[in-house]
Amino acid sequence: MTKKILANNLTGLIFLLFHTLTFLLFTKFLMTMTSKSLKAVLPKNVYVPAIAVSLSTIVAVVLYIYVYNKITKKDNDINIYPKLNIDLKWLIVAGFLAIAMILIASGIQSLIPGQVGTNFTNNGNKPETSLGAGGPIQLGLSAVIIAPFVEELFFRGVLRDVMKKCYPVLYVVASGLIFGIIHTQITSINWVSFLTTGIFGLILGTLAWKTNNTFYTMLTHVLYNGIIVMGILANL
C-alpha cells in the first residue's frame, strides 16, 4: 500500500466520522427547533415529537446535501440522489436482499432471544410500546418512507462520496459499523439491533457501490422495513 493510498483511506475515515457527527448534530438541532415551533402553533392533542422528527430529518438531509455539494464542488461520479434508470436485474436483487435480511435478522434474534432488535421498537422494548402516541400511521410513515429516504441519501450517498478515493471494502465496513452503532443504545448495547443493522449496512453499502444508485438501496430498505412494520402491526 503506497503512502498516497494510505493517506486517502485515513482521510476518508476521518471525514466519514466528521460528516456523521455533523449531520447528527444538525438533525438534532433542527428537531429541537421544529418541536418548539410546532408546540407553539399546534393543538395540545397533536403528538408533536413524531411530526418534528419526520420534518426535521427530511429537511436536514436535503439541506446537508445541498451545502455539501456547494462546498466540495461535487462532480458527478458518485450519485447521491437516486437515479431512475431502472435495471430489472437490480430490482430483483433488491427484493432478494430484503428477504435475505429478514432471515438474517430472525436468525440473530433467535440467538439472542432476550432483546427485540428492530430500530422501530425502542431498541429492545416490546413492539406495542414502539407505537406510542404517534400510532401505526406514524410508525409506517417514519420507518417505511422517511427513514429509508434519509438514511440512504446520507449513508449510501454522502458518505460514499466522502470515501470515494478509499478502498470500497473500507467504505462498506466503516459505514456499516457506523450504521449499526447509531441504531442501538450507547448506555446499554442492544446486540440484536447492532448486529442486524450493522449487517444490513454492509449489504446496502455493497449494493450502493455496485450500482452507484441509491434508488436500489432505498428500495431494499423500504421492503425490509415494510415487512418488519407489517409484522409489528399484525401482532398488536
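Just so it is clear, the model here is predicted, and its values are computed rather than measured.

## Quick word on the overall build of the chain
No. 1: The helix and strand tally for the chain stands at 7 helices and 0 strands.
No. 2: Its helices and strands in sequence order give the chain the pattern α-α-α-α-α-α-α, from N to C terminus.
No. 3: Relative to its full complement of 236 residues, the chain shows a buried share of 43%.
No. 4: Intrachain contacts of the chain at a sequence separation of at least 6 include 76% that bridge at least 24 residues.
No. 5: For the chain, the exposed surface amounts to about 12600 Å²; the carbon and sulfur share of it is 72%.

## Some words on the nonpolar core
Where a protein is soluble and globular, its nonpolar side chains tend to be buried together.
No. 1: With 42 residues, the main nonpolar core has F23, V61, F154, V158 and Y224 as its most contacted residues.
No. 2: When residues of this core are traced back to their parent elements, those giving at least two are α1 (3-41), α2 (48-72), α3 (88-111), α4 (135-162), α5 (168-182), α6 (191-211) and α7 (214-234).
No. 3: Among all residues touching V61, those that are not within four sequence positions of it are F23, F149, V150, L153 and F154.

## Overview of the pattern of salt bridges
No. 1: In this structure the tally under the stated criterion is 2 salt bridges.
No. 2: Between E152 and R156 there is a salt bridge whose closest N-O contact spans 2.8 Å. Of this pair, E152 and R156 both sit in helix α4, separated by 4 residues, roughly a single helical turn.
No. 3: Owing to a relative accessible area of 0%, E152 belongs among the buried residues under this scheme.
No. 4: With a shortest N-O distance of 3.8 Å, K164 and D161 are connected by a salt bridge.
No. 5: We classify K164 as partly exposed; its relative accessible area is 27%.
No. 6: Given the relative accessible area of 4%, D161 is considered buried.

## With respect to the confidence of the model for the chain
No. 1: With 84% of its residues at a pLDDT of at least 70, the chain reaches an overall mean of 85.
No. 2: Overall, residues 119-133 carries pLDDT values under 50, and its contacts beyond four positions in sequence, including any with other chains, amount to 32 contacts.

## Considerations on the packing of aromatic side chains
No. 1: Evaluation of the coordinates by the stated rule reveals 9 aromatic pairs.
No. 2: Between F23 and F154 the ring centres are 4.3 Å apart and the planes differ by 15°, which places this aromatic pair in the stacked class. Linking F23 in helix α1 with F154 in helix α4, this pair joins segments that are 131 residues apart in sequence. The same class applies to F23 as to F154, namely buried.
No. 3: Judged by centre distance (4.5 Å) and plane angle (45°), the rings of F200 and Y224 are tilted. A residue pair is termed long-range when its members are at least 10 positions apart, and F200 in helix α6 and Y224 in helix α7 qualify at 24 residues. Taken as a pair, F200 and Y224 share a single burial class, namely buried.
No. 4: One aromatic cluster in this structure is built from F23, Y64, F154, F155 and F179.

## Quick word on the environment of A94
No. 1: By secondary structure assignment, the location of A94 is in helix α3.
No. 2: Contact partners of A94, with chain neighbours within four places excluded, come to Y216, L219, T220 and L223.

## Some details on the side chain of H221
No. 1: As for its placement among the helices and strands, H221 is situated in helix α7.
No. 2: By relative accessible area, which is 2% here, H221 ends up buried.
No. 3: Here E152 takes part through its side chain, which lies 2.6 Å from a polar atom of the side chain of H221.
No. 4: Residue contacts for H221: discarding those within four places in its chain leaves A147, P148, E151, E152, R156, F179, F200 and L204.

Parameters at a glance
- Throughout this document, residue positions are counted from 1 along each chain, in the order its sequence is written.
- Note on the predicted model: pLDDT of at least 70 is required for a residue's local features to be given, and 80 or more for side-chain atom pairs to be given and counted; whole-chain, interface and lining totals, by contrast, use all residues.
- To get the side-chain values, all heavy atoms of the structure are used, and hydrogens and water are removed first.
- Helix and strand assignments come from DSSP, with helices taken as H or I runs of at least 4 residues and strands as E runs of at least 2, each series counted from the N terminus.
- Note on classification: 1.4 Å probe, protein chains only; a residue is buried when its accessible area is under 20% of the maximum for its type, exposed when over 50%, partly exposed between these limits.
- Should any heavy atoms of two residues lie within 4.5 Å, those residues are considered in contact.
- All accessible-area figures derive from a Shrake-Rupley calculation using a 1.4 Å probe, and residue coverage is judged against the displayed protein chains alone.
- Note on terminology: a nonpolar core comprises buried Ala, Val, Leu, Ile, Met, Phe, Trp, Tyr and Cys residues joined through side-chain atoms within 4.5 Å.
- Salt bridges are identified by distance alone: a Lys or Arg side-chain nitrogen within 4 Å of an Asp or Glu carboxyl oxygen.
- Per-residue confidence from the predictor is reported as pLDDT, a score between 0 and 100.
- When the centres of two rings from Phe, Tyr and Trp lie within 6.5 Å, Trp using its six-membered ring, the rings pair. Their planes under 30 degrees apart give stacked, over 60 give edge-to-face, and anything left gives tilted.
- Under the rule applied, a polar contact is a pair of N or O atoms within 3.5 Å (in protein, one hydrogen donor and one hydrogen acceptor; residues adjacent in sequence only if both atoms are side-chain atoms).

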